[in-house]
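Per-entry structural report
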Amino acid sequence: MAGAGAGGDNTRPSRPHAARLPSPMTAFVTPDRIRSLFAQAMSDMYRTEVPLYGDLIELVGEVNAATLQKDPALAARLARNAETERLDLERHGAIRVGTPAELAMLGRVFALMGMHPVGYYDLTVAGVPVHATAFRPLTEAALAANPFRIFTSLLRLELIADEALRTEAEKILARRDIFTAGARALVAQAERDGGLNEADAQRFVAEVLETFRWHGDATVSLATYEALHGLHRLVADVVSFRGPHINHLTPRTLDIDAAQAAMLERGIQAKALIEGPPRRAVPILLRQTSFKALEEEVAFPDATGTLVPGRHSARFGEIEQRGLALTPAGRALYDRLLAGVRQAGGAGNTSADYPQRLAAAFAAFPDDETVLRQQGLGYFRYRLTERGATLPTAERAAMTPDALVEAGHAVVDPIVYEDFLPVSAAGIFQSNLGGGEQRAYDAHANQEAFEAALGKTIHDPFALYAQAQDASIAALRT
């Protein structure tokens, strides 16, 4: 089985490297450092593979600069919360794996980068046969150092009704190993020794990057690919190649509507709809758009080993805008309003009047920071002002956080949503896998099965946001 060690005829070879010297404990680099190295290497690789991604980075940079110039209050808020520096670093990637063993090994790889599973996402609710988590930093300090995260989906072959094709897909996946021997050895070394030194960290990044690299040759015949494609385009993408090539990297914009308009102005084929909530005075959760997946030439081996030309679409460019993290009450309201809009008329988000209906429905969602905070719909970070810091500790401790804010002794800022939305993720998948919304699957959430495959417990994002808010409140009283 792939993932059960480095063995197997299809184990991916290690990249060449110099002999390694023993790593002294004192020389271990931090997970933040390894994550930063990996994020930069991934960005450089993807920019080379998909030049249009470079255009997207430049576009987002221009939009962000213009937005900050027009909105000094936003610029001050970002600076106050150490978000200005991370804006240029902001990326998330997305990959899709085929087996529990592949997922479990990825969990070990990401742990060395300080990235841990947060949130469970059932994408079957929108017709995509996967469930997923996001590997990301957990603490505010780690997020400030580098917020890189990877949305990781596991294919659910058990949902495929065609038994013969399901069995064939399982056999194909069992024959491959998506990790190099060098990557496996360095993961084992780091787990044994407690870390990696700088040289080994650089090697580790280079080895792991091979898992995410695009390869223009498939591992299945064109006939098998087309049969899998007929089941679901995503199934064909996961099963037919050597590994889970990164299918997009996503910069963060401060104005996704301006970014979407700029994409169209530059002739970039953007998807018609921005996924997520409508434009608001107080952005909430996550809004996403993308350019459509590239159709790329792929070589498929036939029975004689001859390569047959074909085409495949998988890799695309995405932009995101992140807003306020919502509490369970806020998220319940969001989900209820969104479900009502998507179900009306039975056309999901593909109807021509969807944006208008979405905006009308979300008029019921408060769009004022004070109201959102007072109604407990979002998470906020409190910080003493210079004036507040001069108050005696006992006096500050006797006041509520809201009283401190109202008296000018504290400021309060939204806590940024660091996670994802299953319906939005599925919408991005579908727009880049051939268009229209698919409803071939019922909801099949199974977090226990996903955690069993991963070998780790998934962190609750609500708990992480609550901890950040509580810590900021506690700091007001010390």
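The structure this text deals with has already been given above.
What counts as what
- Residues numbered from 1 in each chain as written.
- Predicted model: local features only at pLDDT ≥ 70, side-chain atom pairs only at ≥ 80, totals over all residues.
- Heavy atoms only, no water.
- Pairing = 2+ DSSP bridges.
- Helix = DSSP H or I, 4+ residues; strand = E, 2+ residues; numbered from the N terminus.
- Axes fitted to C-alpha atoms, helices over the stretch in contact; angles between N-to-C directions.
- Buried < 20%, exposed > 50% of the residue type's maximum accessible area, 1.4 Å probe, protein only.
- Polar contact = N/O pair within 3.5 Å; in protein donor to acceptor, adjacent residues only side chain to side chain.
- Lys, Arg positive; Asp, Glu negative; His and termini not counted.
- Salt bridge = Lys/Arg side-chain N within 4 Å of Asp/Glu carboxyl O.
- Contact = heavy atoms within 4.5 Å.

1. Digging into the sheet that holds strand E3 (residues 130–136)
Pairing in this open sheet of five strands is mixed, and the strands run E2-E3-E4-E1-E5 from one edge to the other. A single partner strand is all that each edge strand has here, and the edge strands are strand E2 (116–122) and strand E5 (248–250). Each adjacent strand pair in this sheet contributes to an overall mean axis angle of 25 degrees, direction not counted. Pairing between E3 and strand E4 (residues 149–155): six bridges, direction antiparallel.

2. Describing the side chain of Arg381
Here Arg381 is to be found in strand E10 (residues 380–384). What makes Arg381 buried here is its relative accessible area of 13%. A distance of 3.3 Å separates the side chain of Arg381 from the side chain of Asn81, its partner in a polar contact. Among the polar contacts made by the side chain of Arg381, one reaches the side chain of Glu140 at a distance of 2.4 Å.

3. Some details on the side chain of Arg396
In this structure, Arg396 sits in helix H17 (residues 393–398). The side chain of Arg396 sits in the buried core without any salt bridge; Glu395 is the nearest counter-charge, 8.7 Å away. Side-chain polar atoms of Arg396 contact the backbone oxygen of Leu476, separated by 2.8 Å. When near neighbours in sequence (up to four residues on either side) are disregarded, Arg396 contacts Leu384, Gly388, Ala389, Leu391, Leu404, Leu476, Arg477 and Thr478.

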